[in-house]
Amino acid sequence: MNERAASTASTAGTARAPRKDSVRNRARLIGAARQVFAERGLDATLDEIAARAGLGVGTAYRHFADKYELAAELLGEATQEVADEARAALAIDDPWDALVWYFQTSVTRQAANRGLYEALAGRGRVADKIRVWPELAAAVTELFDRARRAGAIRDELRAEDSVAVFTMLGALDTTPERRQRYLGLILDGMRATGRPTLPGSAAHYDSLDDVISDTKRTRRPR
């Protein structure tokens, strides 16, 4: 290899390295943000997230304009996780078991990341919400429809009722075991066992923004 070719190869190698570092640093920032937001909610700063990631704050600002942009990145991931859980539940043959698994799994995740979800409320990117919402709504609707057709749940229940369930359980500041206890009580109330018809009707949501608007609450002062 002549001197010019060697210099070109060296330059190309040097140019490729920052790209790898950039991808790695972005992943470190996202991982750190997941932890810091979960602990401190939206009170966390991008400086704190950078420190947790072991990076300089300048690196953080090269990847994200502010903490809200980073929160939007996480919400895209979190929203996809909910949709994935609903779709996975559809693989369970028994309609009631599928619905129970979906609630138990989602409530556990929600509790483990309570601060994170409070921090993310309303911060999602439009593109993420438009992409995930149809998949999520379709899967949860099918879970409820299957259970209703099987006679496992009250006939008047709809997928939108799950939003209220998650909101009530999300408001509990308690242990995982106790949260599952109260989920069990709610699920028992959903069973079709000849109980009186529920008053009122389920809410209607056309988008994730509608869900957030209906469930958003003021965070407790720290």
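Our subject is the structure that appears above.
What counts and how
- Residues numbered from 1 in each chain as written.
- Predicted model: local features only at pLDDT ≥ 70, side-chain atom pairs only at ≥ 80, totals over all residues.
- Heavy atoms only, no water.
- Salt bridge = Lys/Arg side-chain N within 4 Å of Asp/Glu carboxyl O.
- Helix = DSSP H or I, 4+ residues; strand = E, 2+ residues; numbered from the N terminus.
- Buried < 20%, exposed > 50% of the residue type's maximum accessible area, 1.4 Å probe, protein only.
- Contact = heavy atoms within 4.5 Å.
- Core = buried A, V, L, I, M, F, W, Y, C linked by side-chain atoms within 4.5 Å.
- Arc of directions from axis to C-beta.
- Axes fitted to C-alpha atoms, helices over the stretch in contact; angles between N-to-C directions.
- Parallel < 35°, antiparallel > 145°, perpendicular 65-115°, else oblique.
- Left-handed = near helix turned anticlockwise from the far one by under 90°.

Chemist: Could you give an account of the pattern of salt bridges, naming the residues involved and the relevant values?
Modeler: This model, assessed by the stated rule, comprises 11 salt bridges. The partner of Glu39 in a salt bridge is Arg52, with the nearest N and O atoms 2.9 Å apart. Here the residue Glu39 occupies a position in helix H1 (residues 3-40), and Arg52 occupies one in helix H2 (residues 46-53), the gap between them amounting to 13 residues. Residue classification places Arg52 among the partly exposed positions, given a relative accessible area of 39%. The residue Asp84 makes a salt bridge to Arg87 at a minimum N-O spacing of 2.9 Å. Placement of the pair is Asp84 and Arg87 together in helix H4 (residues 67-89), with a separation of three residues, close to one helical turn. Residue classification places Asp84 among the partly exposed residues on the basis of a relative accessible area of 32%.

Chemist: Describe in detail the environment of Ile30, supporting the description with residues and values.
Modeler: Secondary-structure assignment places Ile30 in helix H1. In the structure, Ile30 is positioned 43 residues away from Glu73 in sequence and 7.9 Å away in space, judged by C-alpha atoms. The contact partners of Ile30, leaving out residues within four places of it in the chain, are Phe64, Leu70, Glu73, Leu74 and Glu77.

Chemist: Account for the nonpolar core, with residues named and values stated.
Modeler: With 33 residues, the main nonpolar core has Leu99, Tyr102, Phe103, Leu136 and Phe144 as its most contacted residues. Counting residues per element, the ones that place at least two in this core are H4, helix H5 (95-112), helix H7 (126-149), helix H8 (161-170), helix H9 (176-190) and helix H10 (208-215). In terms of residue count, the dominant contributor to this core is H7 (eight residues). If sequence neighbours within four positions are ignored, Tyr102 has contacts with Val82, Glu85, Ala86, Ala89, Leu136, Val140, Leu143 and Phe166. Counting residues in hydrophobic clusters, the runner-up holds 18 residues, among them Leu29, Ala33, Leu46 and Ala53.

Chemist: For the environment of Gln80, give the residues involved together with the corresponding values.
Modeler: Relative to the helices and strands, Gln80 is located in helix H4. Through-space distance from the C-alpha of Gln80 to that of Asp128 is 8.6 Å; in sequence the pair is 48 residues apart. Here Gln80 is in contact with Arg87, Arg131, Val132 and Glu135, once residues within four sequence places are set aside.

Chemist: Outline H8, listing residues and values.
Modeler: The complete set of buried residues in H8 reads Ser162, Val163, Val165, Phe166, Leu169 and Gly170. Around the axis of H8, the buried residues are gathered within 160 degrees of arc, so they sit on the same side.

Chemist: Hey, could you go over the packing of H8 against H9 for me, with residue numbers and the actual values?
Modeler: At a minimum axis separation of 10 Å, H8 and H9 run at an interaxial angle of 150 degrees. The orientation of H8 with respect to H9, classified from their angle, is roughly antiparallel. H8 and H9 meet at a crossing whose hand is right-handed. Seen from H8, the contacting residues are Val165, Met168 and Leu169; seen from H9, they are Arg179, Tyr182, Leu183 and Ile186.

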